[in-house]
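The primary structure of each chain is shown beneath.
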Amino acid sequence: MHELSLLRSVLHKALEISREHGNAPITQITLQVGALRLVDEDLFQFAFDASTPDTPAAGATLCCEKILARVLCTHCESVFPPSEPVWQCPGCGRFGGRVLEGDELILKSVTLADASAGEE
Amino acid sequence: MEIPVVQKVLKLNDDIALLLRERFEQAGVVVFNFISAPGSGKTSLLETTIRHFRGRFAIAVIEGDPDSTLDAQRIARHGCPVVQIQTSGGCHLEANLVQRAIAQFDLDSLDALFIENVGNMVCPVEFDLGEHHRVVLVSTPEGSDKPAKYPKLFRTAGIILLNKCDLLPYVPFDRAQFDTYVQSVNPEHPAVSITATRPETCTAWFAWAEAKITGRMAVPAR
Ligand SMILES: Nc1nc2c(ncn2[C@@H]2O[C@H](COP(=O)(O)OP(=O)(O)O)[C@@H](O)[C@H]2O)c(=O)[nH]1
Ligand SMILES: [Mg+2]
Ligand SMILES: [Zn+2]
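Residues numbered from 1 in each chain as written. Chains lettered and ligands numbered in written order. Predicted model: local features only at pLDDT ≥ 70, side-chain atom pairs only at ≥ 80, totals over all residues. Heavy atoms only, no water.

Engineer: Quick one: what's the story with the overall build of chain B, residue by residue and with numbers?
Structural biologist: Summing up its helical and strand segments, chain B has 8 helices and 8 strands in all. Relative to the 2.2 N^0.38 estimate, which gives 17 Å for 222 residues, the radius of gyration of chain B is 17 Å and therefore close to what a compact globule would have. Principal-axis analysis of the C-alpha atoms gives chain B an extent of 60 × 55 × 35 Å. Looking at chain B as a whole, 56% of its 222 residues are labelled buried. Sequence separation of 24 or more characterises 73% of the internal contacts of chain B that already satisfy a separation of 6 or more. When the accessible surface of chain B is summed, it comes to about 9300 Å², and 53% of that surface belongs to carbon and sulfur atoms. (Helix = DSSP H or I, 4+ residues; strand = E, 2+ residues; numbered from the N terminus. Rg over C-alpha atoms; globule rule 2.2 N^0.38 Å. Buried < 20%, exposed > 50% of the residue type's maximum accessible area, 1.4 Å probe, protein only. Contact = heavy atoms within 4.5 Å. Areas by Shrake-Rupley, 256 points an atom, 1.4 Å probe, with all protein chains shown as cover.)

In structure tokens, the structure reads:
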């Protein structure tokens, strides 16, 4: 359940942003999650709900945008969407490849309630 | 109001791992991160390996466990410097824990550092500890489909060890299927058979580890 440690770092940053804006309530946190990341979204949501009460993030929506995986075959340079567990190049039939996309785990944005006070 | 951030969630861990890797490189220490399910034989292999390299390489060990110092006691019996990290239930090691642990070693006097991760085939995969090589163990009683169930772990392995081969006559284990899975998930690293409790079966592993350790001592890389 490493989702809890991942979430801790997300919340840390989100709360910092809220603080910079006069503790404005957070309404949404948007992440980009590559398909190759070992992140269970339900566990992530669960950890989120369990960690946010009594913080400006209470009641916020956790939004995970999925990024599909793309892999480059280092033999024939085909680019293909890998399917787990076996990555097989449709061009030459070889196994493996280099990840082009799908390994992202990014905090994309934090949305604050509009009525927030004390900002520029 | 949506405020763009665009920051890696694991940035803090990855930044520390980067610092650690630089520090290891300066000190000429080769670092191995051992990952497997609980009970696959990580501590047994460490004991056998420490004994094998005694007098040739200066080795230290970091033990990661949810609780207890039992594994550290096993290692300490071999006269090897060891730090036990208790994650208090945590399912993996993180770079900041390793950073704290290495403060207790004289890194410059070491040739290799073995980190035994918490027994788990998912969570440790996502956390860089500044290691140079990942050593993945799987033991024969666990079944031959492990590489298909945990492809990312096997994909990131620098070496894959099939342990408890002494039990092959007694457990259902399809070696051909296992090799096919390994080959398709990590074509560059075929599985090496060992019985961790019997050093005479570990020669291929010793040779691999020795090449990595001496290679690094000669050429500071990356
Ligand atoms: N039969 C057999 N038992 C082994 C082997 N390697 C380890 N074991 C046993 O498996 C159990 C778990 O080993 P341990 O090294 O503690 O695993 P760890 O949890 O991965 O550190 C212990 O009882 C070991 O004695 C092996 O190669 N063959
Ligand atoms: Mg152990
Ligand atoms: Zn190809």
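Still more ground to cover, so stick around.
Engineer: Tell me about the sheet that holds strand β5 (residues 112-116) of chain B, and name the residues and values.
Structural biologist: All names here are of chain B. With parallel pairing, 7 strands are arranged side by side in an open sheet as β4-β3-β5-β2-β6-β7-β8. Every other strand in the sheet has two partners, leaving β4 (82-86) and β8 (191-193) as the edge strands with one partner each. When the angles between neighbouring strand axes are averaged without regard to direction, this sheet yields 20°. (Pairing = 2+ DSSP bridges. Axes fitted to C-alpha atoms, helices over the stretch in contact; angles between N-to-C directions.)

Engineer: Can you explain the pattern of salt bridges? Please cite residues and give values.
Structural biologist: Enumeration according to the criterion identifies 17 salt bridges over all chains in this entry. The residue Asp-103 of chain A makes a salt bridge to Arg-37 of chain A at a minimum N-O spacing of 3.8 Å. Pair noted here: Asp-103 of chain A is in the loop between β5 (98-101) and β6 (105-112) and Arg-37 of chain A is in the loop between β1 (26-34) and α2 (41-51), with a separation of 66 residues, a long-range link. On the accessibility criterion, Asp-103 of chain A (36% relative accessible area) is partly exposed. Lys-108 of chain A is the partner of Glu-65 of chain A in a salt bridge, and the nearest nitrogen-oxygen pair spans 3.1 Å. Of this pair, Glu-65 of chain A sits in strand β2 (residues 61-67) while Lys-108 of chain A sits in strand β6, placing them 43 residues apart in sequence. Here Glu-65 of chain A falls in the partly exposed class, since its relative accessible area comes to 28%. The exposure class of Lys-108 of chain A is partly exposed, given its relative accessible area of 28%. Through salt bridges with shared partners, a single network forms among Arg-37 and Asp-103 of chain A together with Glu-126 and Lys-152 of chain B. (Salt bridge = Lys/Arg side-chain N within 4 Å of Asp/Glu carboxyl O.)

Engineer: Provide a residue-level description of the coordination of the magnesium ion (ligand 2), including the pertinent values.
Structural biologist: All names here are of chain B. Protein coordination of the magnesium ion (ligand 2) is provided by Thr-43 (OG1), Asp-71 (OD) and Glu-116 (OE), with donor distances spanning 2.1 Å. Counting residues between consecutive donors of the magnesium ion (ligand 2) along the chain gives the motif T-x27-D-x44-E. Placement of the pair is Thr-43 in helix α2 (residues 42-53) and Asp-71 in helix α3 (residues 70-76), with a sequence separation of 28 residues. Note on accessibility: Thr-43 and Asp-71 belong to one class, buried. (Donors = N, O, S within 2.8 Å, 3.2 Å for Na, K, Ca; no water.)

Functional significance is not addressed by these values, which are geometric in nature.
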